[in-house]
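An overview of the molecular structure
The primary structure of each chain is shown beneath.
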Amino acid sequence: MFEKLFGGTKEEQMAYLQTRLLLTAPIIIGGIVVLSAGGSSRGSAVIALAAYVWAWTFLKNWLGITTLGALFSENIAIGVILFCVYLALGYVIGLATFVLGLIRYIQLKISVRK
């Protein structure tokens, strides 16, 4: 499963995960802290932006939509509905992929030490 998500070999996975985790982990953790302190709109927006770093490639491959303009090409009303669904789906998939990436990164770090 991890090979399909993050790369074929352990070295490729480590390189892929290390750059993304270094950029997004502090942002997502900071957003969770802001959410817990009562700043719901700011914390949620920060988490959503960081989650899309993880979700964009997977949504592009799974749904076949390479640009957001493709959602609006046929009908603007349907495009708005699809855009909202796309945002919600991206948020959930991005956070799930972040958690899986964090777990895999820890596994790779532990296996390198042995």
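As the structure is a prediction and not an experimental result, all values here were calculated from the model. (Residues numbered from 1 in each chain as written. Predicted model: local features only at pLDDT ≥ 70, side-chain atom pairs only at ≥ 80, totals over all residues. Heavy atoms only, no water.)

1. Comments concerning the overall build of the protein
Within the protein, the secondary structure is distributed over four helices and zero strands. For the protein, the α and β elements follow one another from N to C terminus as α-α-α-α. In terms of principal-axis extent, the alpha carbons of the protein reach across some 55 × 40 × 15 Å. Residues counted as buried form 32% of the 114 residues belonging to the protein. Across the protein, contacts joining residues at least 24 apart in sequence account for 67% of those joining residues at least 6 apart. Looking at the protein as shown, the accessible area adds up to about 7,200 Å², and 70% of this sits on carbon and sulfur atoms. For the protein, the centre of its 9 positive side-chain charges and the centre of its 4 negative side-chain charges are spaced 12 Å apart. (Helix = DSSP H or I, 4+ residues; strand = E, 2+ residues; numbered from the N terminus. Buried < 20%, exposed > 50% of the residue type's maximum accessible area, 1.4 Å probe, protein only. Contact = heavy atoms within 4.5 Å. Areas by Shrake-Rupley, 256 points an atom, 1.4 Å probe, with all protein chains shown as cover. Lys, Arg positive; Asp, Glu negative; His and termini not counted. Charge placed at Lys NZ, Arg CZ, Asp CG, Glu CD.)

2. Considerations on the side chain of R104
By the element assignment, R104 lies in helix α4 (residues 76-113). Polar side-chain contacts of R104 include one of 2.7 Å to the side chain of Q13. The contact partners of R104, leaving out residues within four places of it in the chain, are F2, F6, K10, Q13 and L17. (Polar contact = N/O pair within 3.5 Å; in protein donor to acceptor, adjacent residues only side chain to side chain.)

3. Some remarks on the nonpolar core
Counting residues in each nonpolar core, the largest one holds 14 residues, and the members touching the most others are F6, L17, L21, W54, F98 and Y105. Within the residue set of this core, elements represented by two or more residues are α1 (2-6), α2 (10-36), α3 (40-63) and α4. Examining the composition of this core, we find that five residues originate from one element, α2, more than from any other. The residues contacting W54, other than those within four sequence positions of it, are F6, L17, R20, L21, T24, G94, T97, F98 and G101. By size, the runner-up hydrophobic cluster in this structure holds six residues, among which are Y52, A55, Y86 and I93. (Core = buried A, V, L, I, M, F, W, Y, C linked by side-chain atoms within 4.5 Å.)

4. A short note on the side chain of R20
Counting through the fold element by element, R20 comes out in helix α2. It turns out R20 is buried and unbridged, and the closest side chain with the opposite charge, E12, is 13 Å from it. Setting aside residues up to four positions removed in sequence, R20 forms contacts with A25, V53, W54 and T57. (Salt bridge = Lys/Arg side-chain N within 4 Å of Asp/Glu carboxyl O.)

5. A closer look at the environment of A51
Tracing the backbone through its elements, the reader meets A51 in helix α3. As for A51 and I93, which are separated by 42 residues in sequence, their C-alpha atoms are 7.8 Å apart. Ignoring sequence-local partners within four residues, the contact set of A51 consists of G90, Y91, G94 and L95.

6. Quick notes on the confidence of the model for the protein
Of the residues in the protein, 92% reach a pLDDT of 70 or more, and the chain-wide mean stands at 81. Per-element confidence in the protein is highest for α4, whose mean pLDDT is 86, and lowest for α1, whose mean pLDDT is 75. (pLDDT = per-residue confidence, 0-100.)

7. What about the packing of aromatic side chains?
Applying the stated criterion to the full structure yields three aromatic pairs. Here the aromatic rings of F6 and W54 are separated by 6.5 Å at their centres, their planes lie at 90°, and the arrangement is edge-to-face. Of this pair, F6 sits in helix α1 while W54 is found in helix α3, placing the two residues 48 residues apart along the sequence. Classification of W54 by relative accessible area gives buried; the value is 0%. Centroid distance W54 to F98: 5.9 Å. Interplanar angle 70°. Geometry classified as edge-to-face. In this pair, W54 sits in helix α3 while F98 sits in helix α4, placing the two residues 44 residues apart along the sequence. Members of the aromatic cluster, joined through ring pairs, are F6, Y16, W54 and F98. (Phe/Tyr/Trp six-rings, centres within 6.5 Å; stacked < 30°, edge-to-face > 60°.)

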